[in-house]
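# Coordinate analysis (summary)
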Amino acid sequence: MVTDMPGVEDRRSSQDRATQDLMISSPTGEPTREPPAKLCGSLAKLSGKGPLRSFKNRWFVFDPRRCYLYYFKNPNDAQSLGYISIGDASFSYDLEAEEGQFEIHSSGRVSILRASNRQAMAYWLQELQQKRWEYCNSHGTSKRDSINTVAIEVPAGLVAKESI
C-alpha cells in the first residue's frame, strides 16, 4: 500500500511505479509477479449539509480499472460510502485555504478534501493527476476529445439582418 510519502532521494516517477511489476521469489524459488502498489490513505472529506457541514476522516482507495477514488469510514470496511470519478476530474487548491485542503471537480460535483499537510496534499494531487492521465491514455480518451462542438445559430426573426 502506498501510504507513505516517498523521500526525495528515492523518488521515482509515479508512472514507473504504476507500470513496473515487482519480481519476488516464491518459496519454490520461481519468480512471481506482485501487482503495483495501490494508491490509498487517509484524508478528511467535507460532508453534511448546511450549517452541519464538517470534515470527517475517511479512508480513500483508488481503483485504476474504473478510475474512481472510493472512500470508506475506515480501512477495514467492505462497503464504500461513495466514490469520486477521477477520469473526468479537475483539481484545484487555494493557497489561502486551510493547510492541505484541495478540491476535486468531477461529474458536476465538488469534493473538498484535506490532507494532513501541504506535502501530503501535493502528493495526492500529483498521483491523482497521473492516474487520470494513465486512464485517459489507456482508454483512448482525453478531456479534449470529450468537448462537444456547439453549433452557432444565426438569429432569425426581428433581430436578424436579412440578406438580399
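Because the structure is predicted, anything quoted here is derived from the model rather than measured.

On to the overall build of the protein chain. The number of helices and strands found in the protein chain is two helices and nine strands. Listing the helices and strands of the protein chain from first to last along the sequence gives α-β-β-β-β-β-β-β-β-β-α. When burial is assessed residue by residue, the protein chain has 30% of its 164 residues classed as buried. A fraction of 36% describes how many contacts in the protein chain between residues 6 or more apart in sequence connect residues 24 or more apart. Here the protein chain has roughly 12,000 Å² of accessible surface; of this, 51% comes from carbon and sulfur atoms.

Attention now goes to the side chain of D63. Along the chain, D63 falls in strand β4 (residues 54-63). Look at D63 and you get buried, because its relative accessible area is 10%. In terms of polar contacts, D63 uses its side chain to reach the backbone amide nitrogen of R65, at 3.1 Å. Residues contacting D63, with those up to four places away along its chain left out, are Y68 and Y70.

Reading the values: the criteria
Residues numbered from 1 in each chain as written. Predicted model: local features only at pLDDT ≥ 70, side-chain atom pairs only at ≥ 80, totals over all residues. Heavy atoms only, no water. Helix = DSSP H or I, 4+ residues; strand = E, 2+ residues; numbered from the N terminus. Buried < 20%, exposed > 50% of the residue type's maximum accessible area, 1.4 Å probe, protein only. Contact = heavy atoms within 4.5 Å. Areas by Shrake-Rupley, 256 points an atom, 1.4 Å probe, with all protein chains shown as cover. Polar contact = N/O pair within 3.5 Å; in protein donor to acceptor, adjacent residues only side chain to side chain.

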